[in-house]
Amino acid sequence: MGLSRLAAYVDTWDGARKAAAFKAGWPAKTRDDIAFFDTGKVQFRYRLRGQGPTIVFTADPPVTLELYDEMIAHFSAHFRVVIFELPAMGFSAARASYGFGFRETNDEVAKFLEAVAGPQAILAFSCVAGLAAVDIAARYPQLVSAMTLLQVTDWEGYKVWKAGRDPKKILGKPFIGQVAMKRLAASRAPMWYDLVVGVREKITPFCDCAAEAHAHGSGWKLASAYQRYLFDGASPLATPDQKTLVIWGKEDGSHGRQSIERARHLARAAEVVELDDIGHFPELEDTKKACEVITGFLAT
């Protein structure tokens, strides 16, 4: 067993306890549409509302499901909306058997999609989770009819992004990274939002939501994800055939122009739409515009 896999236990050793606590406590009660689905390794927390074609979003940590009220209300007029928190992020508790591996994580997400979203869903995954959407679309094509990805670049683009987010390689060091992230999570969230949110009046509600979620035990296991999911090496991705749109907010300070251009490599005919005055969270910063772009793309 590799050192990074051993270090991942720092983030999952009490996962069974957390799963029970989250399902019985505050994370289960914040909204009427909160639900859970358990794969055995991961107890996914999600929200579901609406009718029509199923579109699936990922909460982009440290954002949790509580910040998506407006987005769900708007999109559910057009879609059956599913939004979930990623393994060991937010209140999706991961047990010690989960190791943050690339294929492993994507397979757990695929189990969730099969059970909750059903076949032929539209995947609107955000940021690094977009790599999971691409991998699942290629390996489980029956689950994915189209992709409308949000702020997603390709594997090489994320290598550059990861280096920029961890220039001293602290989070990339097994054990040291896990301990550092645990200590810094609360203070890192406001710094992250200040860097990446383009609609500046959104920063305060973003920070308030993150602080409340952190107080109730939300996860943001970035070190294990850096070490295990965004591993060093060649891209593990095949190129899917599904119709694909990538939406990019141009005011995201964590990515350079190269990330936007590299997004075109994610699928055989990926289309990229750039939005002015919007940052890392297009679906939250300008919900109406994001919905217009997505519905327009799917109608063509």
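1. What about the overall build of the protein?
So, step 1. Counting secondary structure elements, the protein contains 12 helices and 11 strands.
So, step 2. For a compact globule of 300 residues, the expected C-alpha radius of gyration is about 19 Å, and the protein comes in at 17 Å, within 12% of that figure.
So, step 3. Here the protein holds 300 residues, and the buried ones make up 58% of them.
So, step 4. Long-range contacts, defined here as pairs at least 24 residues apart, represent 77% of the contacts in the protein between residues at least 6 apart.
So, step 5. As presented, the protein carries roughly 12000 Å² of accessible surface, and 55% of it is formed by carbon and sulfur atoms.
So, step 6. Taken as two groups, the 36 positive and 35 negative side-chain charges of the protein have centres that lie 6 Å from each other.

2. Observations regarding the state of the cysteines
In protein chemistry, a disulfide is the covalent bond that joins the sulfur atoms of two cysteines.
So, step 1. Tallied over the entire structure, the rule returns 0 disulfides.
So, step 2. Looking at the unpaired Cys127, the closest cysteine sulfur is the one in Cys207, lying at 17 Å.
So, step 3. Residue Cys127 is classed as buried on the basis of its relative accessible area, which comes to 4%.
So, step 4. Sulfur of Cys207: no disulfide; nearest cysteine sulfur belongs to Cys209 and is 10 Å away.

3. Focus on the pairing of strand 3 (residues 54-59)
So, step 1. Burial analysis of strand 3 places 6 of its 6 residues in the buried class, the great majority of the element.
So, step 2. Burial of strand 3 is two-sided: the residues Thr54, Val56 and Thr58 facing one way and the residues Ile55, Phe57 and Ala59 facing the other way are all buried.
So, step 3. At this point the chain moves from strand 3, through helix 3 (residues 69-75), to the parallel strand 4 (residues 80-85), and the crossover so formed is right-handed.

4. A few points about the nonpolar core
So, step 1. Within the largest apolar cluster, 102 residues are counted, with the highest numbers of intra-cluster contacts made by Leu113, Phe125 and Tyr193.
So, step 2. Excluding anything up to four places from it in sequence, Tyr193 contacts Pro62, Val63, Arg200, Ile203, Phe206, Cys207, Ala210 and Phe281.

5. Observations concerning helix 6 (residues 155-165)
Helical periodicity: at 3.6 residues per turn, an α-helix aligns residues three or four positions apart in one direction.
So, step 1. Turning to helix 6, its buried residues are Trp155, Gly157, Tyr158, Trp161, Lys162 and Arg165. One side of helix 6 carries all its buried residues, which in axial view fall inside an arc of 145°.
So, step 2. Looking at the buried residues of helix 6, the elements they touch are helix 4 (102-117), helix 5 (129-139), helix 7 (176-196), helix 9 (222-229) and helix 10 (257-262).

6. A closer look at the side chain of Thr64
So, step 1. If you trace the backbone, Thr64 turns up in the loop between strand 3 and helix 3.
So, step 2. Residue Thr64 is classed as buried on the basis of its relative accessible area, which comes to 1%.
So, step 3. Residues within four places of Thr64 in sequence aside, it is in contact with Arg45, Ala59, Glu85, Gly90, Phe91, Cys209, Ala213 and Ser218.

7. Here we look at the packing of aromatic side chains
So, step 1. For the coordinates displayed, the defined rule picks out 21 aromatic pairs.
So, step 2. Look at Phe44 and Phe112: their rings are 5.1 Å apart centre to centre, the planes differ by 40°, and that puts the pair in the tilted class. Note that Phe44 is positioned in strand 2 (residues 42-49) and Phe112 in helix 4, a separation of 68 residues in sequence. Taken individually, Phe44 and Phe112 each receive the classification buried, so the pair is uniform in this respect.
So, step 3. Feature note: the residues Phe37, Phe44, Tyr46, Phe84, Phe112 and Phe125 constitute an aromatic cluster, connected by ring pairs.
So, step 4. Sitting over the ring of Tyr9, Arg5 keeps its end group 4.4 Å from the ring centre.
So, step 5. The side chain of Lys243 reaches across the aromatic face of Phe297, ending 4.7 Å from its centre.

8. Things to note about the environment of Ala290
So, step 1. Along the chain, Ala290 falls in helix 12 (residues 287-299).
So, step 2. Taking the C-alpha atoms as reference, Ala290 lies 18 Å from Ile203; in sequence the two are 87 residues apart.
So, step 3. Sequence-distant contacts of Ala290, that is, excluding residues within four places in its chain, are made with Phe75, Ile247, Pro282 and Glu283.

9. Points about helix 7
So, step 1. Taking 1.5 Å as the rise per residue, helix 7 with 21 residues should run 30 Å; its terminal C-alpha atoms sit only 26 Å apart, a clear shortfall.
So, step 2. Of all the positions in helix 7, only Gly177, Gln178, Ala180, Met181, Ala185, Ala189, Trp192, Tyr193 and Val196 are classed as buried.
So, step 3. Taken together, the buried residues of helix 7 touch helix 1 (3-12), helix 6, helix 8 (203-215), strand 9 (219-220), helix 9 and helix 11 (282-285).

10. A word on the side chain of Glu104
So, step 1. Examined against the element boundaries, Glu104 turns out to sit in helix 4.
So, step 2. Note on Glu104: relative accessible area 18%, which makes it buried.
So, step 3. Leave out the neighbours within four places in its chain, and Glu104 touches Lys41, Ser97, Tyr98 and Gly99.

11. What about the packing of helix 7 against helix 8?
So, step 1. The N-to-C vectors of helix 7 and helix 8 enclose an angle of 160°; their axes lie 10 Å apart at closest approach. Judged by the inter-axis angle, helix 7 sits roughly antiparallel to helix 8. Note on packing geometry: the crossing formed by helix 7 with helix 8 is right-handed. Residues Ala185, Ala186, Ala189, Pro190, Tyr193 and Asp194 of helix 7 lie in contact with helix 8, whose contacting residues are Ile203, Phe206, Cys207, Ala210 and His214.
So, step 2. For the contact of helix 7 with helix 8, the per-class residue count stands at 9 nonpolar, 1 polar and 1 charged.

What counts and what doesn't
- Each chain has its residues counted from 1, following the order in which its sequence is written.
- Local features in this predicted model are restricted to residues whose pLDDT is 70 or higher, and side-chain atom pairs enter the listing and the counts only when it is 80 or higher, whereas totals over whole chains, interfaces and linings include all residues.
- To get the side-chain values, all heavy atoms of the structure are used, and hydrogens and water are removed first.
- Numbering of helices and strands starts at the N terminus; helices are DSSP runs of H or I of at least 4 residues and strands are runs of E of at least 2.
- Here the radius of gyration uses the C-alpha set of atoms, whereas the globule reference equals 2.2 Å times the residue count to the power 0.38.
- Only protein chains enter the accessibility calculation, which uses a 1.4 Å probe. A residue is then buried if its area is under 20% of the maximum for its type, exposed if over 50%, and partly exposed in between.
- By definition in these notes, contact holds between two residues if any of their heavy atoms fall within 4.5 Å.
- The Shrake-Rupley method, run with a 1.4 Å probe, gives the accessible areas here. Residue values count only the displayed protein chains as cover.
- For the purpose of counting charges, residues Lys and Arg are taken to be positive, whereas Asp and Glu are taken to be negative. His and the chain ends are not included.
- To locate a charge, the coordinates of NZ of Lys, CZ of Arg, CG of Asp or CD of Glu are taken.
- When two cysteine sulfur atoms are found within 2.5 Å, that pair is recorded as a disulfide.
- When the strands point away from the viewer, a crossover counts as right-handed if the route from the first strand across the helix to the second turns clockwise.
- Nine residue types can take part in a nonpolar core, namely buried Ala, Val, Leu, Ile, Met, Phe, Trp, Tyr and Cys, and a core is a set of them joined through side-chain atoms within 4.5 Å.
- The arc refers to the directions leading from the helix axis to the C-beta atoms.
- For Phe, Tyr and Trp, rings pair up if their centres lie within 6.5 Å, where Trp contributes its six-membered ring, and each pair is then called stacked (planes under 30 degrees apart), edge-to-face (over 60) or tilted (otherwise).
- Here, a charge over a ring means that NZ of Lys or CZ of Arg falls within 6 Å of the ring centre while also lying within 35 degrees of the ring normal.
- By definition here, a helix of n residues has an expected span of 1.5 Å times n minus one.
- Each axis is a line fitted through C-alpha atoms, and for a helix only the stretch in contact is used; angles between axes span 0 to 180 degrees, taken between their N-to-C directions.
- The labels follow the angle: roughly parallel below 35 degrees, roughly antiparallel above 145, roughly perpendicular from 65 to 115, and oblique for the rest.
- The handedness criterion is simple: a crossing whose near helix is rotated anticlockwise from the far helix by less than a right angle is left-handed, and one whose near helix is rotated clockwise is right-handed.
- Charged means Asp, Glu, Lys or Arg here, nonpolar means Ala, Val, Leu, Ile, Met, Phe, Trp, Tyr, Cys or Pro, and polar covers whatever is left, Gly included.

This is a description of form; function is not addressed.
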